[in-house]
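Here is what each chain is made of, one letter per residue.
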Amino acid sequence: MKTAKKIVFWCVAAFALIQFIPIDRVNKPVDHKVNFIEAKKTPAKIAGLIKGACYDCHSDETVYPKYSHIAPISWSIKSHINEGREHLNFSVWDTYNNDLKKNMLTSAISTIQAKVMPMPGYIVYHKEANLSEAERTLLVHYFEEMLNSKTY
């Protein structure tokens, strides 16, 4: 019994201590001239879908939820955001070269169609990101139109 109390004590102490390991929740300033939605003059409905389902991980406009302040959850969230921005950052869209834009749009289409994105774990806490089939189709058609017309 004494050992169990020590284990519980040290687990609680470790959990309390890791709360003091901060993560960076500061977003970079967004230049609206290179931001995807403004640069591409994205229609409002499409812009709403992209902002609701993609921008938290794929832009410099992340809105951190309250639970992102609890370690080790905060570390996982920040890791997902960093990885998302590495693959595609809508906030710097017009700084990418055309080949990269083409590859990102192609990848976005396939991940939307395969329902890989938005991530299922994200959808649980962000209902606005749970895209219907019609919304997925709308996004896919928008991105395909950009690819076909080479207006990326």
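Please refer to the structure higher up on the page.
The structure reproduced in this document is the subject of the present report. (Residues numbered from 1 in each chain as written. Predicted model: local features only at pLDDT ≥ 70, side-chain atom pairs only at ≥ 80, totals over all residues. Heavy atoms only, no water.)

## A look at the overall build of the protein chain
Then, in step 1: Summing up its helical and strand segments, the protein chain has seven helices and zero strands in all.
Then, in step 2: When the helices and strands of the protein chain are listed from N to C terminus, the series reads α-α-α-α-α-α-α.
Then, in step 3: By its C-alpha atoms, the protein chain is 70 × 30 × 25 Å across when sized along the principal axes.
Then, in step 4: Going through the 152 residues of the protein chain one by one, you find that 37% of them count as buried.
Then, in step 5: Look at the contacts in the protein chain between residues 6 or more apart in sequence, and 72% of them connect residues 24 or more apart.
Then, in step 6: Of the roughly 9600 Å² of accessible surface on the protein chain, a fraction of 64% belongs to carbon and sulfur atoms. (Helix = DSSP H or I, 4+ residues; strand = E, 2+ residues; numbered from the N terminus. Buried < 20%, exposed > 50% of the residue type's maximum accessible area, 1.4 Å probe, protein only. Contact = heavy atoms within 4.5 Å. Areas by Shrake-Rupley, 256 points an atom, 1.4 Å probe, with all protein chains shown as cover.)

## Overview of the pattern of salt bridges
Then, in step 1: Taken as a whole, this structure holds four salt bridges when the rule is applied.
Then, in step 2: Asp60 is the partner of Arg85 in a salt bridge, and the nearest nitrogen-oxygen pair spans 3.6 Å. Placement of Arg85 in helix H4 (residues 73-87) and of Asp60 in the loop between helix H3 (44-53) and H4 is noted, with a sequence separation of 25 residues between them.
Then, in step 3: Classification of Arg85 as buried rests on a relative accessible area of 16%.
Then, in step 4: What makes Asp60 buried here is its relative accessible area of 5%. (Salt bridge = Lys/Arg side-chain N within 4 Å of Asp/Glu carboxyl O.)

## Side note on the packing of H3 against helix H7 (residues 133-149)
Then, in step 1: For the pair H3 and H7, the least separation of the axes is 10 Å and the interaxial angle reads 110°. Between H3 and H7, the crossing angle belongs to the class labelled roughly perpendicular. Of the residues in H7, those touching H3 at Lys45, Ile46, Leu49 and Ile50 are Glu135, Leu138, Leu139, Tyr142 and Phe143.
Then, in step 2: Here the contact of H3 with H7 is composed, by residue class, of seven nonpolar, no polar and two charged. (Axes fitted to C-alpha atoms, helices over the stretch in contact; angles between N-to-C directions. Parallel < 35°, antiparallel > 145°, perpendicular 65-115°, else oblique. Nonpolar A, V, L, I, M, F, W, Y, C, P; charged D, E, K, R; others polar.)

## Points about the packing of helix H5 (residues 98-113) against H7
Then, in step 1: Closest axis-to-axis distance for the H5/H7 pair is 10 Å, and the angle between their directions is 160°. Relative to H7, H5 is oriented roughly antiparallel. As for the relative orientation of H5 and H7, their crossing is left-handed in sense. For the pair formed by H5 and H7, the contact residues are Lys102, Leu105, Thr106, Ala108, Ile109, Ile112 and Gln113 on the first element and Arg136, Leu139, Val140, Phe143, Glu144, Met146 and Leu147 on the second.
Then, in step 2: Of the residues in the contact of H5 with H7, the class split is nine nonpolar, two polar and three charged. (Left-handed = near helix turned anticlockwise from the far one by under 90°.)

## Some details on the nonpolar core
Then, in step 1: Core analysis: the biggest nonpolar cluster contains 28 residues, and Phe36, Ile50, Trp93, Leu139 and Phe143 have the highest contact counts within it.
Then, in step 2: Breaking this core down by element, the ones donating at least two residues are helix H2 (36-39), H3, H5 and H7.
Then, in step 3: For this core, the leading source of residues is H7, giving six residues.
Then, in step 4: Sequence-distant contacts of Leu139, defined by excluding residues within four places in its chain, comprise Ile46, Leu49, Ile50, Ile112 and Leu131. (Core = buried A, V, L, I, M, F, W, Y, C linked by side-chain atoms within 4.5 Å.)

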